[in-house]
Amino acid sequence: MSFEEYKSTVSQVQWSESDLKAVKAFFEKLSVEDSLSSESVQRILDETVQVTALGRGKVFKPIRLACTGLSSGPHLPDCIAILGIGEILSRLSSLIQNV
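Described below are features of the structure shown in this document. Predicted, not measured: the structure shown is a model, and the values here were computed from it.

### Considerations on the overall build of the chain
In step 1: Each helix and strand counted, the chain has 6 helices and 0 strands in total.
In step 2: The N-to-C order of helical and strand elements in the chain reads α-α-α-α-α-α.
In step 3: For a compact globule of 99 residues, the expected C-alpha radius of gyration is about 13 Å, and the chain comes in at 12 Å, within 12% of that figure.
In step 4: By principal-axis analysis of the C-alpha atoms, the chain measures approximately 30 × 25 × 25 Å.
In step 5: Every one of the 99 residues in the chain was classed for burial, and the buried ones make up 41%.
In step 6: Considering only intrachain contacts with a sequence separation of at least 6, the fraction spanning at least 24 residues in the chain is 62%.
In step 7: For the chain, the computed accessible surface area is about 5500 Å², with 50% contributed by carbon and sulfur atoms.

Dropping the structure here:
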């Protein structure tokens, strides 16, 4: 998926209050990291589930969509680690500011 396709997809999503809660919590935890690995992303996702008191699906699905523009795909921590912290923070920041 190109970046333009990603932006188009994400801008058309009707984000619920719980979706935004999960994305914002993940963004806050991610923003203090220097680099990412699949393991560190998994830890941050698990912490986000605990902090938000939402189930894994209510956290993982909106974060996957916000980070990749896809509703399903490969192992989420791997995808996020591959895209890199700079790209993910940029995408999440843009989403949070524009919703």
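### Regarding the environment of E33
In step 1: Tracing the backbone through its elements, the reader meets E33 in the loop between α2 (17–30) and α3 (38–52).
In step 2: In sequence terms E33 and I44 are 11 residues apart; their C-alpha atoms lie 9.7 Å from each other.
In step 3: Excluding its chain neighbours within four sequence positions, the residues that come into contact with E33 are R43, I44 and I85.
In step 4: Looking at E33, its side chain comes within polar contact range of the side chain of R43, at 3.2 Å.

### Concerning the nonpolar core
In step 1: Counting 26 residues, the largest nonpolar core has F26, I63, I80 and L92 as the members making the most contacts within it.
In step 2: Listed by contribution, the elements that provide at least two residues to this core are α1 (3–11), α2, α3, α4 (56–68), α5 (76–83) and α6 (85–98).
In step 3: By residue number, the principal contributor to this core is α4, which donates 6 residues.
In step 4: Once you skip the residues sitting within four places of it in the chain, F26 turns out to touch V41, I44, L45, T48, I63, C67, I80, I88 and L92.

### Examining α2
In step 1: With 14 residues, α2 should cover 20 Å at 1.5 Å per step; its first-to-last C-alpha distance of 20 Å lies within 8% of that length.
In step 2: Here the buried face of α2 lies against α3, α4, α5 and α6.

### What about the pattern of salt bridges?
In step 1: Evaluation of the coordinates by the stated rule reveals 6 salt bridges.
In step 2: Residues R43 and E33 are paired through a salt bridge, measuring 3.2 Å at the closest nitrogen-oxygen approach. On the criterion of sequence distance, the pair formed by R43 in helix α3 and E33 in the loop between α2 and α3 is long-range, its members being 10 residues apart.
In step 3: Under the relative-accessibility criterion, R43 is labelled partly exposed at 36%.
In step 4: Across the pair E47 and R43 runs a salt bridge whose closest N-O atoms are separated by 3.4 Å. One end of the pair, E47, and the other, R43, are both in helix α3, 4 residues apart, so they sit about a helical turn from each other.
In step 5: What makes E47 partly exposed here is its relative accessible area of 25%.

Conventions and cut-offs
Residues numbered from 1 in each chain as written. Predicted model: local features only at pLDDT ≥ 70, side-chain atom pairs only at ≥ 80, totals over all residues. Heavy atoms only, no water. Helix = DSSP H or I, 4+ residues; strand = E, 2+ residues; numbered from the N terminus. Rg over C-alpha atoms; globule rule 2.2 N^0.38 Å. Buried < 20%, exposed > 50% of the residue type's maximum accessible area, 1.4 Å probe, protein only. Contact = heavy atoms within 4.5 Å. Areas by Shrake-Rupley, 256 points an atom, 1.4 Å probe, with all protein chains shown as cover. Polar contact = N/O pair within 3.5 Å; in protein donor to acceptor, adjacent residues only side chain to side chain. Core = buried A, V, L, I, M, F, W, Y, C linked by side-chain atoms within 4.5 Å. Expected span 1.5 Å × (residues − 1). Salt bridge = Lys/Arg side-chain N within 4 Å of Asp/Glu carboxyl O.

Geometric values such as these leave the question of function open.
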